[in-house]
Amino acid sequence: MRRPSWVPEGTDLDKPNAARVYDYYLGGSHNFEVDREMARKALALWPELPQIMRSNRAFLRRAVTFLAEQGVTRFLDIGSGIPTFGAVHEIARAIRPEAKVVYVDRDPVAVAHSRLLLQDDRASAVVQADLRDVDDLLARPEVAELLAEGEPVAVLLVAVAHFVSDDEDPWKLVGVIRDALPPGSALVLSHASLEGRPDQAEDHQKLYRMTPTPLTMRTREQIAAMFAGFELVEPGVVYLPQWRPDQPESVGEHPERMTGVAGVGFRP
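I will try to describe carefully the structure that is included in this document.

Scoring rules and cut-offs
Residues numbered from 1 in each chain as written. Predicted model: local features only at pLDDT ≥ 70, side-chain atom pairs only at ≥ 80, totals over all residues. Heavy atoms only, no water. Buried < 20%, exposed > 50% of the residue type's maximum accessible area, 1.4 Å probe, protein only. Helix = DSSP H or I, 4+ residues; strand = E, 2+ residues; numbered from the N terminus. Arc of directions from axis to C-beta. Contact = heavy atoms within 4.5 Å. Phe/Tyr/Trp six-rings, centres within 6.5 Å; stacked < 30°, edge-to-face > 60°. Axes fitted to C-alpha atoms, helices over the stretch in contact; angles between N-to-C directions. Parallel < 35°, antiparallel > 145°, perpendicular 65-115°, else oblique. Left-handed = near helix turned anticlockwise from the far one by under 90°. Nonpolar A, V, L, I, M, F, W, Y, C, P; charged D, E, K, R; others polar. Salt bridge = Lys/Arg side-chain N within 4 Å of Asp/Glu carboxyl O. Core = buried A, V, L, I, M, F, W, Y, C linked by side-chain atoms within 4.5 Å.

### Here we look at helix 7 (residues 141-148)
Here's step 1: Among the residues of helix 7, those classed as buried are Val143, Leu146 and Leu147. Axial view of helix 7: buried residues confined to an arc of 90°, hence all on one face. In this structure, helix 7 carries Pro141 and Ala148 as exposed residues pointing more than 90 degrees from its buried face.
Here's step 2: Looking at the packing, one finds that the buried side of helix 7 touches strand 1 (74-78), strand 2 (100-105), strand 3 (124-128), helix 6 (134-139) and helix 8 (170-180).

In structure tokens, the structure reads:
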């Protein structure tokens, strides 16, 4: 297909991309027919997927709001994806106008759009880097500066660690990040779980193997282990709607149908 003018050179337009599929689920416009076709196949298997993605986005909003209310003014959003409504800097600055945000993604389209959106925002930066090369990520000047000034930093790994395979050891990668954080910093993490909808898990993972970003769904125990060295805040690692809902009645009778689990922890 012809490359649109807003798409960076070298972008593969022939394969679906997880960031662009996620954008489609959220109602965005930064996706291609190949992404929409994958999304339609996924929806045929699992019609609740857009609701799950919105639930994940709502968790992000609640977690950032919570941390900003706790006084956190620095945010490192790894796997930030394509900018959508309610970006981290918008949420945080509604409470902390001085909040600084560094967005990190490996997808060139996500990075290009983030830079376009934030080109006049001196308190935000965008970095193209890969969580799997964590040493390179932490060495980027924008990231190093955010972490070096001694104030607590909230690291967001929202719907990203499930794109890291077991062989690539996401637990070790999160540990490296943890050790680089100033005391009092926080980890915000959500992850696709195997327990929520075990009937859908295998087919969904097969579908994502068609993309450059295959998906590894994990047990709640495996996901909770990523918080090693952090002190979890209540209610711990729970299904997405259960994490500090704005309205308890909104959780519903079957929060497991949102299948993702999430939590927030502080580094002592």
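Further notes follow.
### Regarding the packing of aromatic side chains
Here's step 1: Summed over all chains, the structure comprises four aromatic pairs.
Here's step 2: An angle of 80° between the planes, with centres 5.8 Å apart, marks the rings of Phe66 and Trp243 as edge-to-face. Taken as a pair, Phe66 in helix 3 (residues 49-69) and Trp243 in the loop between strand 7 (238-239) and strand 8 (260-266) lie far apart in primary sequence, 177 residues in all.
Here's step 3: Judged by relative accessible area, which is 0%, Trp243 ranks as buried.
Here's step 4: Taken together, a centroid distance of 6.5 Å and an interplanar angle of 55° make the contact between Phe66 and Phe266 tilted. Taken together, the positions of Phe66 in helix 3 and Phe266 in strand 8 put the pair 200 residues apart, joining distant regions of the chain.
Here's step 5: Among the residues examined, Phe66 registers a relative accessible area of 10% and is labelled buried.
Here's step 6: Taken together, the aromatic side chains of Phe59, Phe66, Trp243 and Phe266 make up a single cluster linked through ring pairs.

### Some remarks on the packing of helix 1 (residues 18-25) against helix 2 (residues 33-45)
Here's step 1: In contact at an axis separation of 9 Å, helix 1 and helix 2 are set at 65° when each is read in the N-to-C sense. The orientation of helix 1 relative to helix 2 falls into the category roughly perpendicular. Here the hand of the crossing between helix 1 and helix 2 comes out right-handed. For the pair formed by helix 1 and helix 2, the contact residues are Arg20, Val21, Tyr24 and Tyr25 on the first element and Val34, Asp35, Arg36, Met38, Ala39, Ala42 and Leu43 on the second.
Here's step 2: The residue inventory of the contact of helix 1 with helix 2, partitioned by class, reads eight nonpolar, no polar and three charged.

### Observations concerning the pattern of salt bridges
Here's step 1: For the structure on display, the rule yields 13 salt bridges.
Here's step 2: Arg20 is the salt-bridge partner of Asp35, the closest N and O atoms lying 2.7 Å from each other. Note that Asp35 is positioned in helix 2 and Arg20 in helix 1, a separation of 15 residues in sequence. With respect to burial, Asp35 and Arg20 carry one shared label: buried.
Here's step 3: For Asp246, the salt bridge is made with Arg61, and the minimal N-O distance between the two is 2.9 Å. Here the residue Asp246 occupies a position in the loop between strand 7 and strand 8, and Arg61 occupies one in helix 3, the gap between them amounting to 185 residues.

### Considering the nonpolar core
Here's step 1: If you look at the biggest cluster of nonpolar residues, it comprises 33 residues, and the most contacted ones within it are Leu76, Ile78, Val104, Val143 and Leu157.
Here's step 2: Sorting the residues of this core by element identifies strand 1, strand 2, strand 3, helix 6, helix 7, strand 4 (154-158), helix 8 and strand 5 (186-192) as the ones contributing at least two each.
Here's step 3: Those residues within four positions of Leu157 in sequence are excluded, and the remaining contacts are Ile78, Leu131, Val174, Leu187, Val188, Leu189 and Ser190.
Here's step 4: Among the nonpolar cores identified, the runner-up in size contains 29 residues, and Phe59, Ala63, Val72 and Leu118 belong to it.

None of the figures reported here should be taken as evidence of function without further support.
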